[in-house]
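Chain by chain, the residues:
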Amino acid sequence: MAKRKTKRSTDRDPYQAREARKYQNPIPSREYIMETLEREGVPMDMQALAERLDLSSDEQLEALRRRLRAMERDGQLVCNRKDNYCLVNKRDLIVGRVIGHADGFGFLRPDDGGDDLYLSFKEMRSVFHDDRAVVRVTGMDRRNRLEGAVVEVLERNTRTVVGRLYMETGVGFVVPDSKRLSKDVIIPSSEIGDVSQGQMVVAEILDQPTKRTPPIGRIVEVLGDHMGPGMETDIAIRTHSIRVEWPDEVAGQISGLKPEVAEADKQGRVDLRHLPLVTIDGADARDFDDAVYCEPKPKGWRLLVCIADVSHYVQPGSALDQEARTRGNSVYFPDRVVPMLPEILSNGLCSINPQVDRLCMTCELYIDKSGQVTRSRFFPAVMRSHARLIYDDVAAMLEGDPKLGKKHADLLPHLQNLNRLYQLLLAQRVERGAIDFDTTETRIEFNELKRVERIVPVVRNDAHRLIEECMLAANVAAARFLLRKKQPALYRIHEGPADEKLTDLKGFLGELGLSLPGGKKPRAGDYAILLERIRERPDRHLIQTVLLRSLSQALYSSDNVGHFGLSYQAYTHFTSPIRRYPDLIVHRAIKHAVNQGSVDDFDYTKPALQGLGEHCSSTERKADEATRDALDWLKCEYMQDKVGETFNGIITSVNSFGVFVELDEIYVDGLVHITALDNDYYHYDPVGHRLTGERTGKVLRLGDPLSIVVAKVNLDDRKIDFVPAKTSAGGAAKQRKDRGGKSGDSPSKSKPRGKTSRKKRVDKKQRPKPKKA
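Definitions and cut-offs
Residues numbered from 1 in each chain as written. Predicted model: local features only at pLDDT ≥ 70, side-chain atom pairs only at ≥ 80, totals over all residues. Heavy atoms only, no water. Helix = DSSP H or I, 4+ residues; strand = E, 2+ residues; numbered from the N terminus. Rg over C-alpha atoms; globule rule 2.2 N^0.38 Å. Buried < 20%, exposed > 50% of the residue type's maximum accessible area, 1.4 Å probe, protein only. Contact = heavy atoms within 4.5 Å. Areas by Shrake-Rupley, 256 points an atom, 1.4 Å probe, with all protein chains shown as cover. Lys, Arg positive; Asp, Glu negative; His and termini not counted. Charge placed at Lys NZ, Arg CZ, Asp CG, Glu CD. Pairing = 2+ DSSP bridges. Axes fitted to C-alpha atoms, helices over the stretch in contact; angles between N-to-C directions. Salt bridge = Lys/Arg side-chain N within 4 Å of Asp/Glu carboxyl O. Core = buried A, V, L, I, M, F, W, Y, C linked by side-chain atoms within 4.5 Å.

*Asks:* Whenever I open this one, the overall build of the protein confuses me. Can you help?
*Replies:* Tallying secondary structure elements over the protein gives 21 helices and 33 strands in all. For 773 residues, the compact-globule estimate of 2.2 N^0.38 gives 28 Å, and the C-alpha radius of gyration of the protein, at 29 Å, lies within 12% of that figure. Out of the 773 residues in the protein, the part that is buried amounts to 50%. Residue pairs at least 24 apart in sequence account for 65% of intrachain contacts in the protein once pairs closer than 6 positions are excluded. For the protein, the accessible surface area stands at approximately 37800 Å², while carbon and sulfur atoms represent 48% of it. Charged side chains of the protein number 122 positive and 114 negative; the gap between the two group centres comes to 3 Å.

*Asks:* What should I look at first to understand helix α17 (residues 524–533) in this one?
*Replies:* An α-helical turn contains 3.6 residues, so any two residues separated by three or four positions project in the same direction. Taken together, the buried positions of α17 are A524, G525, D526, Y527, L530 and L531. Taken together, the buried residues of α17 touch α16 (499–511) and α18 (540–549).

*Asks:* Before we go on, may I ask you to explain the sheet that holds strand β31 (residues 699–701) in this structure?
*Replies:* Hydrogen bonds along the backbone pair up the strands of a sheet, which may run parallel or antiparallel. The strand order across the open sheet built from three strands is β29-β30-β31, with neighbouring strands paired in antiparallel fashion. The outermost strands of the open sheet, each flanked by one partner alone, are β29 (682–685) and β31. Strand-to-strand, the axes of this sheet are offset by a mean angle of 15 degrees, without reference to chain direction. The pairing of strand β30 (residues 690–693) with β31 spans three bridges and is antiparallel. Looking at the pairing, R690 lines up with R701 of β31.

*Asks:* Please explain the pattern of salt bridges as it appears in this structure.
*Replies:* Side-chain pairs of opposite charge can arise where the charged atoms are in close proximity. Counted under the stated rule, the structure contains 52 salt bridges. Between R132 and E155 there is a salt bridge, with its nearest N and O atoms 3.8 Å apart. Linking R132 in strand β6 (residues 132–140) with E155 in strand β7 (residues 146–155), this pair joins segments that are 23 residues apart in sequence. Since its relative accessible area comes to 6%, R132 is described here as buried. The exposure class of E155 is partly exposed, given its relative accessible area of 22%. Here R454 makes a salt bridge to E453, at a shortest N to O gap of 3.8 Å.

*Asks:* Explanation requested: the nonpolar core in the structure shown.
*Replies:* In globular proteins that are soluble, nonpolar side chains generally tend to be buried together. Counting residues in each nonpolar core, the largest one holds 89 residues, and the members touching the most others are L272, L303, V305, F574, Y581 and I590. Sorting elements by how many residues they give to this core places helix α15 (residues 462–484) first, with 12 residues. L512, L677, I708 and L715 belong to the second-largest nonpolar core, a separate cluster that totals 63 residues.

*Asks:* Even after reading the chapter, I still don't get unusual backbone geometry, so can you show me in this structure?
*Replies:* Glycine aside, negative phi is the norm for most residues, and most peptide bonds take the trans geometry. Although it is not a glycine, Q355 sits at a positive phi angle of roughly 65 degrees. Within the secondary structure layout, Q355 lies in the loop between α11 (343–349) and β19 (357–368). A positive phi is found at H689, a non-glycine position, where the angle reads about 55 degrees. Take H689: it is sitting in the loop between β29 and β30.

Written out as structure tokens, the structure reads:
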């Protein structure tokens, strides 16, 4: 066969200008390299690619080598055994992230979307949860799911494992705390150090797992005893790889920052220091990223929402920016905060503290007497907060508290203006048809020993809602401004319910004699109408829970598809750049548009923004999971001395293997397994969200009240087991006897009479604790 002739590239790289801005000696872009391989139609080695791209100098060849390695790492290319590079999709391969399961199998979630691929126990031997890999589709499994085989691991994301150390015959092994990591880490005796059996440790992975060998590691940190105070957060931070230390480059960059704003930085900004702007936050808040002011106008109101100008201090591409991007967001644990930015910024220069000058980006809104925004603009400003107020005090002042009203007499008229505007915005919210679920958030209070004292509900008042409406208005104005300017940015999107979930929801509502308006494509307003109809029904919490679970999760995206739940055609996050990286991107986009910049000279392309959106959505989920792990641990710790006690609760989830019950007043949930129910066969109805006894006809339905006895608390698995209260005299007492009074041991097992599922427990998703809009 004749050898294929190569010819030098004469086509122009469409991204040449971008590469020239980023690099002193640019080479062809990733996109152009992929286009070249696509055009050639055959795998090419580095030498052939270099010739095709007209690269010859040592500097160019080294730059190409690094770029090809980076593209291989990012799953854009695969290097075969002959050291030839080819496009992934040319080999019918799929790149994605590994999702581990406690039972040892896993899935690959494709980077480009689509259905997950099942990975068998055998295929999972060589990878950890969260690794990125190239997988070849091998067929369908017994459950008719796409099945894959791991071809290559692109990115190892498990460098350390947190867990308990056990020793047998001189060899140690760490049992991971994360249930997504199903492989124990072998610790040679020489790498154990001074650690006691059963202590919580951090193991560094020395040898990653292969299909034939388990992971091998060494102990690098001893966290302490299993039940030590604060252990739950330490474990969650390390299990989910939450970054807490600042790299040396970041420390060097912020070392020259002063606590006060430099006079030179105030120049060229609108001066708002004369206006009585105030911050309104929770009593325990430490960072203040927004301030508000409102005044009446002949045709309505003028609202100023001033947000800390983080983008002034965090420049694109800097060490500080790279670290903030990696973190994606701050993480709020019950006992501490892991910030996205160093404290000198998050609690200092970028926190709108009272009576000090601060740089801000201001959203100015003109709102008519019906609550409609008629005009808006954005500009950089310098401001001074006139007071640091808390929600409870503001709510009390608006209700006429004389003592607080006298204390803040100079600010009270402005707060009353804000309240009048809030009433208009609230009326617009109702008219727009935004969904407003009645949910309960909780806060954990600790005693002096850092043990859980109590779990209390967070009560929202009109001051919370006032600030929320102001933030929503600013976020919507930002989204509309960016769309109007055709400026690429990140949007906060929330799509409507999927067809399958909508069908199940309508079937459930039909059994209750209800219907969801809107036909095949309901709007948020249709949900709101139904919520209003059921407001006085005794089963409203049941119906509301099912409605909530029919909705998708909100994400960040470079494409605006609107926000279903809030009923906005365009929505973004502008108001919290201290703690959310997408907000920082939005600030940069707004500044670029305000300064008349073009799309071509913006720091981010649309594909790059989409990648950032996916990354930030991922870090947001990671933060939620880490916080939920810590909360579950603390709730289990709180319930350990309550085994054998009786509580009342509400069924919050129904599954084929049992029901989850949330206890009244203490907001802890646990599982009543199907084997703990009356001697009967229970049939699971996923549409009706209920279990029905075949012989007795007894029904356990989502939202039903249920009295239970705490039967077992398993701190390692973050699980609490309940039994129905009426069986406590025999069953629960026997379980306590079998455990010898220790809540962490396994209870006795009775022979199941009903049909049960082999699925593992899936805890109900706890809503992350939101901070304003």
